[in-house]
Amino acid sequence: MKCVMYGSIKKAKDKFCWSDPCRNKLKKNLNIIIYPVSKKELDANKYARDYCKKERMEEEFNFYRWAVFEICMNRFAVLLFLIIILCTIMFPSLFFFSVVSVVSVVSVVGVVGVLMLIVTCRKKFYEEKLKSKCSLDDQ
């Protein structure tokens, strides 16, 4: 019986793969998600924004201004998501049985989603302007 149990434990370990390569891959993927909203990236974008403003580089300034705003919105969205999850865990009856609570959470999440979409679109707009400016400068 011990051999069969040991075999099933070994299969479970192989299936869930907690070896070094798998942990490193998980860390790498988490870093891809977390780094864009990290303090380092926010500070770098703020510095670039301030430099572009000082040097009167209007398109670049607008791009970094929206990049900073996008990072702040993403941080706010993550914080809002965590608050909703914590409240749902701590007060499940409040969220599962109250229509008002569900509607208010959905509306807040919807507003944040729309704001994030606007910010991302503005950033993409200035990114395209910068690309076209750079391609014109190269010619």
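What you see is a predicted model, and the numbers here were worked out from it, not measured in a lab.

**Q** Help me get a handle on the nonpolar core, residues and values and all.
**A** Judged by nonpolar contacts, Phe63, Trp66, Met73, Ala77, Leu80, Ile84, Val105, Val112, Val119, Tyr126 and Leu130 together constitute the single largest core of eleven residues. Of all the elements in the fold, those that place two or more residues in this core are helix 4 (58-90) and helix 6 (99-138). Top element by residues in this core is helix 4. It accounts for six residues. Valine 119 has contacts with Trp66, Phe69, Glu70 and Met73, leaving out every residue within four places of it along the chain.

**Q** Residues and numbers for helix 3 (residues 39-54), please.
**A** In this model helix 3 runs 22 Å from its N-terminal to its C-terminal C-alpha over 16 residues, within 8% of the 22 Å that 1.5 Å per residue would give. Turning to helix 3, its buried residues are Leu42, Asn45, Ala48 and Cys52. Down the axis of helix 3, the smallest arc covering the buried residues is 130°, so these residues share one side. Along helix 3, the residues that are exposed and aim more than 90 degrees away from the buried face are Lys39, Lys40, Tyr47 and Lys54. Following helix 3 by one or two positions, arginine 56 adopts a phi angle in the positive range, close to 60°.

**Q** A description of the packing of aromatic side chains should follow, citing residues and the corresponding values.
**A** Counted by the stated rule, this structure contains three aromatic pairs. Here phenylalanine 63 and tyrosine 64 contribute two aromatic rings whose centre-to-centre distance is 5.1 Å and whose plane-to-plane angle is 75°, an arrangement assigned as edge-to-face. For tyrosine 64, a relative accessible area of 25% corresponds to the partly exposed category. Centroid distance tryptophan 66 to phenylalanine 69: 5.9 Å. Interplanar angle 80°. Geometry classified as edge-to-face. On the criterion of helical spacing, the pair formed by tryptophan 66 and phenylalanine 69 is a turn pair, its members being three residues apart in helix 4. Among the residues examined, phenylalanine 69 registers a relative accessible area of 39% and is labelled partly exposed.

Each value, and the rule that gives it
Residues numbered from 1 in each chain as written. Predicted model: local features only at pLDDT ≥ 70, side-chain atom pairs only at ≥ 80, totals over all residues. Heavy atoms only, no water. Core = buried A, V, L, I, M, F, W, Y, C linked by side-chain atoms within 4.5 Å. Buried < 20%, exposed > 50% of the residue type's maximum accessible area, 1.4 Å probe, protein only. Helix = DSSP H or I, 4+ residues; strand = E, 2+ residues; numbered from the N terminus. Contact = heavy atoms within 4.5 Å. Expected span 1.5 Å × (residues − 1). Arc of directions from axis to C-beta. Phe/Tyr/Trp six-rings, centres within 6.5 Å; stacked < 30°, edge-to-face > 60°.

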